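Reading the structure
The lines below spell out each chain.
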Amino acid sequence: EKAIEMIRYAIDYGVNYLDTAYLYHQGSSEYLVGKALKDGYREKTYLATKLPSWLIESYEDFHKYLDEQMERLQTDYIDFYLLHALDRNHWRNLKSLDVLRFINEAKDSGKIKYIGFSFHDELDVFKEIIDYYDWDFCQIQYNYIDRNYQAGEEGLKYAYDKGISVVIMEPIKGGKLSNSSDEINAIWEQSDIRRTPSEWALRWVLNHKEVSILLSGMSNLQQLKENINTVANANADHLSKKEIQLIDRVAEIYQKKIKVGCTSCEYCLPCPE
């Protein structure tokens with residue numbers, strides 16, 4: 001009940017892109033989103049979900065999982081469909097199973113409107129995937145700590161220059177940039193405007209013209225309201241030079257303390273570190 005209340009509150013106050021996936025919350029997320037989007041909310045929302053790339057073993061699997069997801073979500077089309085968590089191996093497997101034929105068939109049938117992928121690998125793999133097909137959008141990890149991690153800033157600009165919309169995940173690094181310390185608080189207090197650590201992180205991402213939208217997980221209504229207030233005026237290039245310098249100083253402190261850049265997404269398991 002609380003999750004549905006939050007989702008509908010978000011839509012009522014301007015959020016129009018809703019992101020889920022086949023495996024989220026042990027497979028229950030799509031069911032929940034389907035319930036939340038009843039009573040007219042589906043028509044107000046761009047719905048995004050993701051093909052479970054690691055489960056695909058045959059061409060028939062593409063259509064099987066898409067149809068199952070549409071049934072879970074109680075919808076007859078998906079606005080934004082992503083190939084989930086692509087890395088070198090998943091991408092190689094999907095190509096060998098003729099994923100592009102599936103994409104074209106799903107688009108032609110009206111089951112999906114826009115096609116993209118989410119990404120977890122190195123920059124050269126990202127560029128290879130970007131160059132392989134005329135994608136509508138992609139999704140990468142990016143925050144003021146992870147500027148050169150995976151696709152990173154170079155990948156962000158590479159996609160943007162090709163006219164591909166970019167969705168940002170992990171803007172608060174799995175919640176880790178919401179934490180603080182006396183040393184970091186002392187830097188934030190030098191700003192003329194008081195902001196929470198989470199707001200600083202979101203604003204840094206949204207300051208980039210190459211970013212189309214960001215995804216931020218919210219655990220309660222208070223966090224949701226804060227994020228809605230944050231994005232109300234967080235357009236590209238809205239941060240001052242002084243504010244960017246403060247963020248850079250905080251980033252340096254984090255970089256010195258972080259030993260393993262984990263966001264708890266668990267896509268790399270077993271842990272390479």
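Let me begin by describing the structure that accompanies this report. On a predicted model such as this, the values are computed, not experimentally measured, just so you know.

Remarks on the nonpolar core
Membership of the largest hydrophobic core comes to 72 residues, with the highest contact counts inside it found for Phe117, Phe126, Trp135 and Tyr144. In this structure, phenylalanine 126 is in contact with Phe117, Phe119, Cys138, Ile140, Ala151, Gly155 and Ala159, ignoring residues within four places of it in sequence. Counting residues in hydrophobic clusters, the runner-up holds seven residues, among them Ala48, Phe80, Leu82 and Phe137.

Quick word on the side chain of glutamine 139
Looking at where glutamine 139 falls in the secondary structure, it is placed in strand E5 (residues 137-141). If we skip the residues at most four places from it in the chain, glutamine 139 touches Asp19, Lys50, Leu82, Phe117, Ser118, Phe119, Val167, Met169 and Leu215.

What about the pattern of salt bridges?
The tally for this structure, following the rule as stated, stands at 21 salt bridges. A network of salt bridges, in which partner residues are shared, links Arg195, Glu199, Arg203 and Glu243.

Observations concerning the environment of aspartate 134
Take aspartate 134: it is sitting in the loop between helix H7 (123-132) and E5. Put simply, aspartate 134 and isoleucine 145 are 11 residues apart on the chain and 30 Å apart in space, counted from C-alpha to C-alpha.

A few points about the packing of aromatic side chains
Under the criterion given, the structure shown has 19 aromatic pairs. Residues tyrosine 59 and phenylalanine 62 carry aromatic rings whose centres are separated by 5.8 Å and whose planes lie at 75° to one another, so their mutual orientation is edge-to-face. Of the two residues, tyrosine 59 and phenylalanine 62 are both situated in helix H4 (residues 59-73); the distance of three residues between them amounts to about one turn of the helix. On the basis of an interplanar angle of 85° and a centroid distance of 5.1 Å, the ring pair of phenylalanine 80 and phenylalanine 137 is categorised as edge-to-face. Taken together, the residues phenylalanine 80 in strand E3 (residues 78-86) and phenylalanine 137 in strand E5 connect sequence positions 57 residues apart. Phenylalanine 137 gets classed as buried once you look at its relative accessible area, which sits at 2%. Taken together, the ring pairs in this structure connect Trp91, Phe117, Phe119, Phe126, Tyr132, Tyr133 and Trp135 into an aromatic cluster. It is lysine 44 that lies over the ring of tyrosine 41; its NZ or CZ is 4.8 Å from the centre. The ring of tyrosine 158 has lysine 127 lying over it, and the distance from NZ or CZ to the ring centre is 5.0 Å.

The rules we used
Residues numbered from 1 in each chain as written. Predicted model: local features only at pLDDT ≥ 70, side-chain atom pairs only at ≥ 80, totals over all residues. Heavy atoms only, no water. Core = buried A, V, L, I, M, F, W, Y, C linked by side-chain atoms within 4.5 Å. Buried < 20%, exposed > 50% of the residue type's maximum accessible area, 1.4 Å probe, protein only. Contact = heavy atoms within 4.5 Å. Helix = DSSP H or I, 4+ residues; strand = E, 2+ residues; numbered from the N terminus. Salt bridge = Lys/Arg side-chain N within 4 Å of Asp/Glu carboxyl O. Phe/Tyr/Trp six-rings, centres within 6.5 Å; stacked < 30°, edge-to-face > 60°. Lys NZ or Arg CZ within 6 Å of the ring centre and 35° of its normal.

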